[in-house]
Amino acid sequence: MTEPITQPPANEAGGYDPAAIEHKWQTRWRERGTNATDLAGGDRPFYALMMFPYPSAEGLHVGNLFAFTGNDIYGRFHRLRGHTVFEPLGYDAFGIHSENYALKLGRHPADLIPKNIANFRRQLERAGLMVDWRYSVSTTDPGYYKWTQWIFLQLLKRGLAYKKKGAVNWCPKDKTVLANEQVVAGACERCGTMVEQRFLEQWFFSITKYAQRLLANLDWIDWSETTKTAQRNWIGRSEGVEIGFEVLASGDGGARASTGDAPRINVFTTRGDTIFGASYLVLAPEHPLVVGLATPAQRAEIDAYRQRAAKQDLVARKVTKEKTGVFTGSYARNPATGQPIPIWIADYVLMEYGTGAIMAVPGHDERDFEFSQVYGLPIPRVVAADGEAPDAPLTAAFTENEGGRLVNSGRLDGMTVEEGKRAAAEWLSGMGAARTVVNYRLHDWCISRQRYWGPPIPVIYCDACGPQAVPESDLPVLLPNIADFTPDDSGISPLARHHEWYLVPCPTCGALSRRETDVSDTFLDSAWYFLRYPSAHRDDVPFDAALTKKWLPVNSYIGGNEHAVLHLLYSRFITMVLHDAGHIDFDEPFTKFRAHGHIVRDGAKMSKTKGNIVNPDDLIDEWGADAFRTYLMFLGPYEDGGDYRDRGISGVKRFLDRLWSSVGNARTDGTPDDAVMRKLHQTIRKVGDDIPRLSYNTAVAAMMEYINVVRAHERVPHRAEIEPLVQLVSPFAPHIAEELWERLGHDGSVMDAGWPEYDPALASEETIEIAVQVNGKTRGKVRVAKDADQAATLAAARADVQIAKFITGEPKKIIFVPGRLINIVV
RNA sequence: GCGAGAGUGGCGGAACUGGUAGACGCGCAGGACUUAGGAUCCUGUGUCUUCGGACGUGGGGGUUCGAGUCCCCCCUUUCGCACCA
């Protein structure tokens, strides 16, 4: 007798109706506060964070939901395992992207953002995310950016924020400066316009002071290796020496440029061992010493070159890589050889790195080699490979470190490169000509933007008192609602057109003063939002001390690797600063970070420009959120992304339909099938092992496999066989899981039902299949008891005629791997 | 150029520390049930085959009883960084 637990679904053939049950459960979750986290209570807090989106007008795309769903599953799984899980989500709504879009429409971003946010929220709720919306934040909310400005003041107070006039990246289209991190191959990462170099006064954060710490902590934080590597490369630590070259009286007939004391030119090199091969110096065109070095005969040419270099956008310099330069007419003394060497200027030397000057070793540096060829300069050899003559001419720069020995290098002769580096540093230091230094590729973070849509930088300029921090009690400095926020080419923010806003009394002396009219970089908004979530309800402090202590650092952070060196580096930096200032007690924000992959379709990453986007609303309408979520997770390894194929979702929907009818048909009489129960416990183990590894695709496959086994055994499964599967599937397909859980007669949410335990004894087979190889080739398989020994297995193999025929003689050797295989060598 | 990954059926992808290659799904083929099927269910599906087998994880070597997995060389490709001295 079969006694169904509930009536089988009406439309059994067509499967279940997702729209109805998803609506029902989303409503019920809201009413019951199922997704609300008790931040103060709960003894096993787990903060499952995902990178917050920028609320675009187009709404969420499939890629966003792929990312969010992966995090949601991780959070739901931890909840089932008994953690109190906090899964907040907010909006990164300031920034050029939002502002440009508003400009395009001729609208105001302050009007557009709330609509976009409402649309995002609608889509996110439809997707069934376990988000606690009470703790949402938007970076554009004055209650939020008040504290963004407060963070700026903390850096200012600690001497980590400063204003400097310098060469900065200027995007002529977006009409603002950009951080180095926002310039990709010489172009604006946002709009693709080639970036120009401008000399402007800008606000910087001294992130370089934290370079060593940002690098060192990478050794212990649990992050995706690809992300850590990207950060290491970006920080770009290199050890070397700074060597001083004394400038000589001119070799140009004594007509030396008019300077008093002979200046020294400091260069940075990682190859101090090649000092004897340094045959000329090169200064960046902007180098301050260039003016003094230019001899009268060379002056005109030098000036022309410098002007060209200054005007030239960084792109031309970086992309063409053609070597050009001009001889200054002056010479310096190589401290090792004592010989005079010419001083050149060339734009392949960058003012921003090292000292802005190099010693050129054309024999052993590709760029110097190329430059020497262009200008016919000598190319001496100071390193030779094993067995190579010391004077063998060089046809290319010899840059190998391994196996080289120093030659033509006086006291360094015969040393390896590494020995030479140490010896040269020691020797030159002893002469007072050098010191060892560490250089970083990382530059200070330029945070000011000549745009409108961002938090105003909280500084007031007073003629009498100088720049003054806005008192913390006066925060926030509200962004005024102005109509004409179009940026112009002046290098000054649109806010500077509004004297009624920027003219304010000096906070110190009261005299009429000017506000800073630049706003801060969007990346400052997002560098601390994860600190704000648990304290989003507090308007008197940036972060509640007790809640912060309890919930931070973030247990798990998931996001795209495109932020490997932007957001993730800035967040670490801001966290360190806040730690050092005593506001928080940890200095790394994300204990664990995993970069998710990207969804591609038709061979390209989904994007509007490629025309291959898929609207999640349509998919949810047609298939339901559960099938959509589960399908996204089934596409491929979460950390690799997946290839979206339009038809694939049908397989997942079929799986959910089968789950639905299996539960609907389940019987309570009789006993469960042994083989099915063993498979069940194996599946519980497998899914529980896979989810923490983010191996969602194999977890889904295991559940599919299980339901296939159930159905192959009995058309009417026992309740005990199918009920735990509802729990297993709940992180992926929460709505159907809730509905089935209820139909199974449970009162509470399946999210509070816990994770089923597997029985290790049941999860292991009683009898197992052992592969039989003869001479390493698989010839068949035999079924034996799970603890069968070698003799028993061999006997079983011989008993199988299909296998026995390959065993043509007495075994010479037998390799037996219990539970795995037996290999008979004859 | 430098750095980090990746190459497995028609397709997306499985395969834990070397141990039954191709799980799971799509697609495809055949069948059942149907007035009908782009629904559902069942069966099959790496290639070749003289039906005994043989060959198969980008290519070529190697280690091993045994290699998708480890080592060496090469090819292709994706993603970072890109004149950083």
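Just so it is clear, the structure is predicted and the values come from calculations on it, not from any experiment.

Scoring rules and cut-offs
Residues numbered from 1 in each chain as written. Chains lettered and ligands numbered in written order. Predicted model: local features only at pLDDT ≥ 70, side-chain atom pairs only at ≥ 80, totals over all residues. Heavy atoms only, no water. Pairing = 2+ DSSP bridges. Helix = DSSP H or I, 4+ residues; strand = E, 2+ residues; numbered from the N terminus. Phe/Tyr/Trp six-rings, centres within 6.5 Å; stacked < 30°, edge-to-face > 60°. Buried < 20%, exposed > 50% of the residue type's maximum accessible area, 1.4 Å probe, protein only. Lys NZ or Arg CZ within 6 Å of the ring centre and 35° of its normal. Near = heavy atom within 4 Å. Polar contact = N/O pair within 3.5 Å; in protein donor to acceptor, adjacent residues only side chain to side chain. Lys, Arg positive; Asp, Glu negative; His and termini not counted. Salt bridge = Lys/Arg side-chain N within 4 Å of Asp/Glu carboxyl O. Contact = heavy atoms within 4.5 Å. Axes fitted to C-alpha atoms, helices over the stretch in contact; angles between N-to-C directions. Parallel < 35°, antiparallel > 145°, perpendicular 65-115°, else oblique. Left-handed = near helix turned anticlockwise from the far one by under 90°. Core = buried A, V, L, I, M, F, W, Y, C linked by side-chain atoms within 4.5 Å. pLDDT = per-residue confidence, 0-100.

Let's shift gears to the sheet that holds strand β29 (residues 641-643). One open sheet accounts for three strands, arranged β28-β27-β29; its pairing is mixed. Lying at the two open borders of the sheet, with one neighbouring strand each, are β28 (604-605) and β29. As paired strands, strand β27 (residues 598-601) and β29 are joined by three bridges and run parallel to one another. Opposite Val-600, over in β29, you have Asp-643 as the bridge partner.

So, about the packing of aromatic side chains. Here the distance between the centres and the angle between the planes together describe a pair of aromatic rings. Considering all chains together, one arrives at 44 aromatic pairs under this definition. Aromatic pair Phe-205 and Trp-445: ring centres 5.5 Å apart, planes at 90 degrees, arrangement edge-to-face. Residue Phe-205 is found in strand β7 (residues 196-205), and its partner Trp-445 is found in strand β18 (residues 445-446); the two are separated by 240 residues along the sequence. Judged by relative accessible area, which is 0%, Phe-205 ranks as buried. Over the face of the ring belonging to Tyr-348 we find Lys-323, whose NZ or CZ atom lies 5.5 Å from the ring centre. Over the face of the ring belonging to Trp-223 we find Arg-572, whose NZ or CZ atom lies 5.7 Å from the ring centre.

Moving on, we come to the protein's contact with RNA strand B. Neighbouring RNA strand B are 54 residues; Thr-270, Arg-367, Arg-654, Arg-820 and Asn-823 lie closest to it. Of what RNA strand B places within 4 Å of the protein, 66% of the atoms are sugar or phosphate. In this structure, Arg-779 approaches RNA strand B through a side-chain N or O atom, which is 3.1 Å from a phosphate oxygen. Among the elements that take part in the surface near RNA strand B, helix α22 (residues 696-713) stands out by supplying seven residues, more than any other.

What follows deals with the side chain of Lys-146. Secondary-structure assignment places Lys-146 in helix α5 (residues 142-157). No salt bridge is formed by the buried Lys-146; its nearest oppositely charged neighbour, Asp-539, is found at 6.7 Å. Sequence-distant contacts of Lys-146, defined by excluding residues within four places in its chain, comprise Leu-475, Pro-476 and Asp-539.

Our next topic: the packing of helix α20 (residues 649-665) against α22. Across the interface, α20 lies against α22 with an axial gap of 10 Å and an inter-helix angle of 45 degrees. Considering their axes alone, α20 and α22 lie oblique with respect to each other. Relative to α22, α20 is oriented so that their crossing is left-handed. For the pair α20 and α22, contact is made by Gly-651, Val-652, Phe-655, Arg-658, Leu-659 and Ser-662 and by Met-703, Met-704, Ile-707, Asn-708 and Arg-711, respectively.

Residue position: Pro-672 is located in the loop between α20 and α21 (674-690). Pro-672 gets classed as partly exposed once you look at its relative accessible area, which sits at 26%. Distance in space between the C-alpha atoms of Pro-672 and Ala-720 is 6.6 Å, their sequence separation being 48 residues. Contact partners of Pro-672, with chain neighbours within four places excluded, come to Met-677, His-718, Ala-720 and Glu-721.

The next subject is the pairing of strand β23 (residues 512-515). Relative to β23, strand β20 (residues 459-462) is paired through two bridges, and the arrangement is antiparallel. Of the residues in β23, the one forming a bridge with Ile-460 is Arg-515. Alignment of strand β22 (residues 503-505) against β23, held across three bridges, turns out to be antiparallel. Note that in β23 the partner of Val-504 across the bridge is Ser-513. Counting the residues in the hairpin turn of β22 and β23 gives six residues, including Gly-510, whose phi is positive at 85 degrees.

Residue Leu-475 is joined to Pro-476 through a cis peptide bond whose omega torsion reads 0 degrees. Inspection of the secondary structure assignment puts Pro-476 in the loop between β21 (466-469) and α13 (499-502). Of note, the bond from Leu-552 into Pro-553 is cis; its omega dihedral lies within 30 degrees of zero at 0 degrees. You can see Pro-553 is positioned in the loop between α16 (545-551) and β25 (556-560). Phi is positive for Asn-408, which is not a glycine, with a value near 50 degrees. Here Asn-408 is to be found in the loop between β16 (404-406) and α12 (417-430). A relative accessible area of 37% places Asn-408 in the partly exposed class. For Leu-694, which is not glycine, the phi dihedral falls at a positive 60 degrees. Among the secondary structure elements, Leu-694 is positioned in the loop between α21 and α22. Classification of Leu-694 as buried rests on a relative accessible area of 4%.

Ranked by size, the top nonpolar core spans 168 residues in total, and within it Leu-124, Phe-205, Trp-445 and Ile-574 carry the most contacts. Ranked by size, the runner-up nonpolar core spans 49 residues in total, among them Val-241, Ala-294, Phe-398 and Leu-406.

To continue, consider the confidence of the model for chain A. Scored by pLDDT, chain A has a mean of 88; 95% of the residues are at 70 or more. A low-confidence stretch, residues 1-14 (pLDDT under 50), is modelled with 28 contacts involving residues beyond four sequence positions or located in other chains. Note on the complex model: pTM 0.91, ipTM 0.94.

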